[in-house]
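As a plain string of letters, each chain reads:
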Amino acid sequence: LKYNLPFFKEFLVETPAPATEIIEKLQEKDVLAGIDISRFDKGEGLLIAVTEKRTKAEMDDFVSKLKKLT
């Protein structure tokens, strides 16, 4: 996590690779990884949103695929 603050559905993470690269690689696996905040001129990071529509299995799959990129 980029900030050690409470959050509701969205949180910002720092990534070892550029967020755009992570987004592109996960899109190839049919995973929507999040939003690269650099496109808003707000620094670097990946904005991730999790809602009640996502199952624990989907979130675990996302984390697993994300870990394989690093």
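Because the structure is predicted, anything quoted here is derived from the model rather than measured.

Chemist: Quick rundown of the pairing of strand 3 (residues 46–49)? Include the residues and the values.
Modeler: Burial along strand 3 is one-sided: Leu46 and Ile48 are buried, while Leu47 and Ala49, pointing the other way, are not. Two strands pair when backbone bridges link them, and strand 1 (residues 10–13) and strand 3 are joined in this way by four bridges, in the antiparallel orientation. Note on strand 3: the bridge partner recorded for Val13 is Leu46. Pairing geometry for strand 2 (residues 35–36) and strand 3, over two bridges, is antiparallel. For Ile35, the partnering residue across the bridge sits in strand 3 and is Leu47.

Chemist: I'd like a rundown of the packing of aromatic side chains, residues and numbers included.
Modeler: Going through the model one piece at a time under the given rule, you end up with one aromatic pair. Between Phe7 and Phe11 the ring centres are 4.9 Å apart and the planes differ by 40°, which places this aromatic pair in the tilted class. According to the relative accessible area criterion, Phe7 is partly exposed, its value standing at 45%.

Chemist: So what's going on with the nonpolar core? Residues and values would help.
Modeler: Counting 11 residues, the largest nonpolar core consists of Phe11, Val13, Ala19, Ile22, Ile23, Leu26, Val31, Ala33, Leu46, Ile48 and Phe62. For this core, the secondary-structure elements that each account for two or more residues are strand 1, helix 1 (19–27) and strand 3. Broken down by element, the residue count for this core peaks at four residues, all from helix 1.

Chemist: Describe the environment of Lys65, with residues and values.
Modeler: Mapped onto the fold, Lys65 is located in helix 2 (residues 56–69). Beyond its immediate stretch of four places on either side in the chain, Lys65 contacts Leu26, Lys29 and Val31.

Chemist: Give a description of the layout of surface pockets that names residues and reports values.
Modeler: Volume-wise, the largest pocket comes out at about 490 Å³. Looking at the largest pocket, it is lined by 17 residues, and the ones nearest its centre are Val31, Leu32, Ala49, Arg54 and Phe62. Broken down by secondary-structure element, the contributors of at least two residues to the lining of the largest pocket are strand 3 and helix 2. Taken together, the residues of the lining of the largest pocket sort by class into 11 nonpolar, two polar and four charged.

Calculation notes
- Residues numbered from 1 in each chain as written.
- Predicted model: local features only at pLDDT ≥ 70, side-chain atom pairs only at ≥ 80, totals over all residues.
- Heavy atoms only, no water.
- Buried < 20%, exposed > 50% of the residue type's maximum accessible area, 1.4 Å probe, protein only.
- Helix = DSSP H or I, 4+ residues; strand = E, 2+ residues; numbered from the N terminus.
- Pairing = 2+ DSSP bridges.
- Phe/Tyr/Trp six-rings, centres within 6.5 Å; stacked < 30°, edge-to-face > 60°.
- Core = buried A, V, L, I, M, F, W, Y, C linked by side-chain atoms within 4.5 Å.
- Contact = heavy atoms within 4.5 Å.
- 1 Å grid on protein atoms, 1.4 Å probe; cavity = no way out; pocket = protein on both sides within 12 Å on 5 of 7 lines; lining within 4 Å.
- Points joined across faces, edges and corners; volume = space filled by probe spheres on them.
- Nonpolar A, V, L, I, M, F, W, Y, C, P; charged D, E, K, R; others polar.

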